[in-house]
Amino acid sequence: MFAAILTFCGTMLAESCSDDHSSTDKGEKAYTGIPLIIYDTDIGSSTDDLFAMEMLYRYEEEGRCKILGMVVDREGEDNAAVTDVMNTYFGHSNVPIGLERNGISNPTVWIDYTALPTYTTDGQPMFQHTVNDYSALPDGWQLYRQLLAKQPDHSVSICSAGFVTALASLLTSEGDDISPLNGVELVRRKVKCLYIMGGVFGESLEPDYNFAQGITFSQTFFRLWPQEVDIVFSPMEVGQEVEYKPEQVISDISWTDVHPIKQIYTSCNCNTGQKMWDPMVVIHAVEGDKLFSLSERGTVTLTPKAETIFTPSATGNCRYHLPGDATWNDMILEKIRKYNKMMQ
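This is a predicted model, so every value here is computed, not measured.

Novice: Whenever I open this one, the overall build of the chain confuses me. Can you help?
Specialist: Within the chain one finds 12 helices and 10 strands. A total of 344 residues make up the chain; the buried ones form 58% of that total. Of the roughly 13,800 Å² of accessible surface on the chain, 49% is carried by carbon and sulfur atoms.

This is the structure we're talking about:
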C-alpha cells in the first residue's frame, strides 16, 4: 500500500509563502512585487468560485495583486463563457482564459448556473462577452505555460479552487516554443506558492472531494509537484463555517439587477449548502499569513482513495489552514460582503 501513496516532501529552499510575498533561491534577487495570481476554478457548479473571482478583481483594483489569467478546470465552453461574463462585467476583460478539454467527464454539478440570463426584458443583452470564439481558447495547461514563462522567477501564486486536471497536465508537459523547460521545471522556476482548496486533515481518514473526482489526475499532481515549491491547503471545514446566505447576497447587491452574481442567485436555487470555501485561497494569496491560523510544516500524502495524510516535518513544503472561531468566521464573511456590496 505504501508504494501506492504519493507524497509532497523534501528539503525546502529559502523561499516560502509569507506575508511580504518575497522569496529567495540560492542567492537570486527575491521577487518583492505584488502577488501575481493565476486563478484555477471549477466554475459552473458552486457559487463560492464567483465570490473568489469578485474578490480578485477588487484586490487588483486596489493595487494589491495582478491577475495573470483564469484557468477553467471544468470541461465545457459554457463554463468558460461564465468566466468571460465575470471578467467583462467587472472590467477585467484583458484577463486571458484557458479551458480544460481533457479532464473529468461529467463531474457533479451542484448549481447549474451556466444558463445565465443574457437578455433584459426589452431584448437587450444583459451581459457583454469579450471572447468571440471559445473553441479558440488555449487548453488550461497551455495557458499556464504561456503565463508562467513570462514571469520573474519564484513570483507566481496559483489559487486552485477546483480540480487539479490542468495542473497535472502542466506538470506532464514537455518543453516547447513557449519555454524549453518541461512542466515540472517551469513550476519549480516560476511558482512561489500554490494555495489549494482541498485536503481532509484530522484523526479520521476521509477522501477529499476534489481529489477523488479525478483520482488519476490527482495522483499525477501529487507525484510531480516540485518539493521545493510551497503548498497551502485550505480544507473544507475552514470555509464550511463561513455562510453567505442567498437572501443576504441578493440584499447586498440591491443597487442593481444587472449583476451576474445577483442574477445567478435570483434565477437558481443557491440554498444548497454552499459555503465560502474558495475565497480562502484568494484571501491568503493576497493578504498573506496574518489572517490565518496554520498548521506546522509537513508533508502530505495522497492515498489511492484520495485521502490526504499530513506528517509533520520541519523541512516539508506543506501547511494547511486551521478552522477559525466564530469571530474569525464573521470577519472573513464581512470581508467577502464588503467587496460584493461595491458598486461598479
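That covers the picture; the talk isn't over yet.
Novice: Looking at this structure, how should I read the pairing of strand β9 (residues 308–312)?
Specialist: Within a regular strand, the side chains alternate between the two sheet faces. Judged from the 5 bridges that link them, strand β8 (residues 298–302) and β9 form a sheet pairing that is antiparallel. Note on β9: the bridge partner recorded for T301 is I309. A loop of 5 residues connects β8 with β9, the two strands running antiparallel in sequence, and A306 in this loop sits at a positive phi of about 70 degrees.

Novice: Honestly, the packing of helix α1 (residues 48–61) against helix α11 (residues 279–287) in this entry has me stumped. Any pointers?
Specialist: Relative placement of two packed helices is described by the angle separating their axes and the distance separating the axes. In contact at an axis separation of 8 Å, α1 and α11 are set at 20 degrees when each is read in the N-to-C sense. When the axis of α1 is compared with that of α11, the two are roughly parallel. Contacts between α1 and α11 pair D48, F51, A52, M55, L56 and Y59 from the former with P279, V282, I283, V286 and E287 from the latter. Here the contact of α1 with α11 is composed, by residue class, of 9 nonpolar, no polar and 2 charged.

Novice: How should I be thinking about the nonpolar core in this particular structure?
Specialist: It is characteristic of soluble globular proteins that their nonpolar side chains tend to be buried jointly. Y39 and V282 are the most contacted members of the largest nonpolar core, which has 62 residues in total. Discounting residues that sit within four places of it in the chain, V282 has contacts with Y39, A52, M55, L56, Y59 and C159. In terms of nonpolar packing, the next biggest core, distinct from the first, is built from 37 residues, Y31, V71, Y144 and V156 among them.

Novice: Explain the side chain of D230 here, please?
Specialist: Take D230: it is sitting in strand β7 (residues 230–234). Side-chain polar atoms of D230 contact the side chain of R297, separated by 2.8 Å.

Novice: Is there a simple way to explain the pattern of salt bridges in this structure?
Specialist: Here the idea is simple: oppositely charged side chains can pair when their charged atoms come close. In the structure shown here, the tally under the stated rule is 15 salt bridges. Of the charged contacts in the structure, one is a salt bridge between E185 and R188, with a shortest N-O distance of 2.3 Å. Pair noted here: E185 and R188 are both in helix α5 (residues 183–190), with a separation of 3 residues, about one helical turn. What makes R188 partly exposed here is its relative accessible area of 25%. Salt bridges sharing partners connect three or more residues here, namely E62, R64, E287 and K335.

Novice: Is there a simple way to think about the confidence of the model for the chain in this case?
Specialist: Interpretation of the predicted coordinates at a detailed level should be avoided for regions scoring low in pLDDT. This prediction gives the chain a mean pLDDT of 90; 90% of its residues lie at or above 70. Across residues 1–16, where pLDDT falls below 50, the model places 52 contacts with residues more than four positions away in sequence or in other chains. Note on residues 19–27: pLDDT under 50 across the span, and 28 contacts to partners over four residues away in sequence or across chains.

Conventions adopted
Residues numbered from 1 in each chain as written. Predicted model: local features only at pLDDT ≥ 70, side-chain atom pairs only at ≥ 80, totals over all residues. Heavy atoms only, no water. Helix = DSSP H or I, 4+ residues; strand = E, 2+ residues; numbered from the N terminus. Buried < 20%, exposed > 50% of the residue type's maximum accessible area, 1.4 Å probe, protein only. Areas by Shrake-Rupley, 256 points an atom, 1.4 Å probe, with all protein chains shown as cover. Pairing = 2+ DSSP bridges. Axes fitted to C-alpha atoms, helices over the stretch in contact; angles between N-to-C directions. Parallel < 35°, antiparallel > 145°, perpendicular 65-115°, else oblique. Contact = heavy atoms within 4.5 Å. Nonpolar A, V, L, I, M, F, W, Y, C, P; charged D, E, K, R; others polar. Core = buried A, V, L, I, M, F, W, Y, C linked by side-chain atoms within 4.5 Å. Polar contact = N/O pair within 3.5 Å; in protein donor to acceptor, adjacent residues only side chain to side chain. Salt bridge = Lys/Arg side-chain N within 4 Å of Asp/Glu carboxyl O. pLDDT = per-residue confidence, 0-100.

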